[in-house]
Amino acid sequence: MDVLIVEDEHLLAMELAERLLHLDNEIKIVGQTDSVSSTIDWLQQNSCDLIFLDIHLNDGVSFSIFEKIEVECPVIFTTAYDKYAIKAFEVNSIAYLLKPISERDLENSINKYKKITNLFSADVKILLDYLKKTSNRDKKFINRMMLSSGKTQMVVNVKDIAYFMADGRYLFAILQTGEKYFCESTLTRLEEELDTDSFFRINRRFMVNFSSVAYFTPYSKSRVKVKLKPQPDEDIIISSDRVKEFKQWLLK
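Source: prediction; values computed, not measured.

**Some words on the environment of Ile 55**
Right, so step 1: Structurally, Ile 55 can be placed in the loop between strand S3 (50–54) and strand S4 (56–57).
Right, so step 2: Along the chain, Ile 55 and Thr 78 lie 23 residues apart, while their C-alpha atoms are 6.7 Å from each other.

Below, the structure is given as structure tokens:
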């Protein structure tokens, strides 16, 4: 089993390597990287069976690796933060280990890898398809939200929200009826809490419901302009690097 360790703290990387070799003599550490860029470079020139991947690296969050290249093997995330668990299981993850990693959790993650790969007879493509299809199985998305307008508070079904709009330090929910309410949350948090089949963050300020997208048209520099229902008082532009993902989302 060829393993790549991605960890920006050198001592932690060495410790993990030693623990893995002690745990299973079939494991071979074929590489160690410490950043998003070096990991991308390594994966473009090499291959492995499994990646132990820290989330916070010295040049960014490791999820950006999956946005830039196709990672063709399962991943076990290692991190001191539990807030990325949902995001992790959208990108090849078979385990999510919180630091400091216990011996039991480490061993269970390796056993899980072996069990899954045995089931799929080492066919990596079928395995990765399986991981993607089952990534949402255990998620518990929110169906209702508490919104407010002045002193008035109300509970709404998220399906009745056309889109969320960030305005400075505040976030507003615009209902399908056009009503505007204050939402005590953030777009980043909503990306974790809402069903990604129904909601998509199209830029830094807007997260939209599929049912609110009327149509989109080409815009300058390979961008697109989206028409929403109801339409906000500004143009909604999707940057060129998000256009492909947006179109794929519309066809889910």
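What follows picks up the thread again.
**Some details on the pairing of strand S10 (residues 161–167)**
Right, so step 1: Summarising burial for S10: 6 of the 7 residues are buried, a large majority.
Right, so step 2: Both S10 and strand S11 (residues 170–175) contribute to a ladder of 6 bridges, which runs antiparallel. Pairing of Phe 164 across the sheet is with Ala 173, part of S11.
Right, so step 3: What sits between the antiparallel neighbours S10 and S11 is a turn of 2 residues, in which Gly 168 has the positive phi angle 65 degrees.

**Here we look at the sheet that holds S3**
Right, so step 1: Pairing is parallel across the open sheet formed by 5 strands, whose spatial order is S2-S1-S3-S6-S7. The two strands at the open ends of the sheet, each matched to only one other strand, are strand S2 (28–33) and strand S7 (93–98). Neighbour to neighbour, the strand axes of the sheet diverge by 20 degrees on average, direction disregarded.
Right, so step 2: Summarising the sheet, strand S1 (residues 2–6) and S2 pair through 5 bridges and their orientation is parallel. Following the sheet pairing, Asp 2 is matched in S2 by Lys 28.
Right, so step 3: Along the sheet, helix H2 (residues 36–45) contacts S1, S2 and S3; its crossing angle with S2, the most-contacted strand, is approximately 135 degrees.

**Considerations on the nonpolar core**
Right, so step 1: Of all hydrophobic cores here, the largest spans 21 residues; its most connected members are Leu 43, Ile 51, Leu 53, Ile 65, Phe 66, Val 71 and Phe 77.
Right, so step 2: Counting residues per element, the ones that place at least two in this core are S1, H2, S3, helix H3 (63–68) and strand S6 (75–79).
Right, so step 3: Counting 19 residues, the second largest nonpolar core, distinct from the first, contains Leu 16, Ala 17, Tyr 113 and Ile 116.

**Re the pattern of salt bridges**
Right, so step 1: Inspection of every chain in the model, using the stated rule, returns 9 salt bridges.
Right, so step 2: Here Arg 201 and Glu 191 are joined by a salt bridge, their closest N and O atoms 3.1 Å apart. Taken together, the positions of Arg 201 in strand S13 (residues 199–201) and Glu 191 in helix H7 (residues 187–193) put the pair 10 residues apart, joining distant regions of the chain.
Right, so step 3: Residues joined by salt bridges that share partners form a network here, namely Glu 7, Asp 54 and Lys 99.

What counts and what doesn't
Residues numbered from 1 in each chain as written. Predicted model: local features only at pLDDT ≥ 70, side-chain atom pairs only at ≥ 80, totals over all residues. Heavy atoms only, no water. Helix = DSSP H or I, 4+ residues; strand = E, 2+ residues; numbered from the N terminus. Buried < 20%, exposed > 50% of the residue type's maximum accessible area, 1.4 Å probe, protein only. Pairing = 2+ DSSP bridges. Axes fitted to C-alpha atoms, helices over the stretch in contact; angles between N-to-C directions. Contact = heavy atoms within 4.5 Å. Core = buried A, V, L, I, M, F, W, Y, C linked by side-chain atoms within 4.5 Å. Salt bridge = Lys/Arg side-chain N within 4 Å of Asp/Glu carboxyl O.

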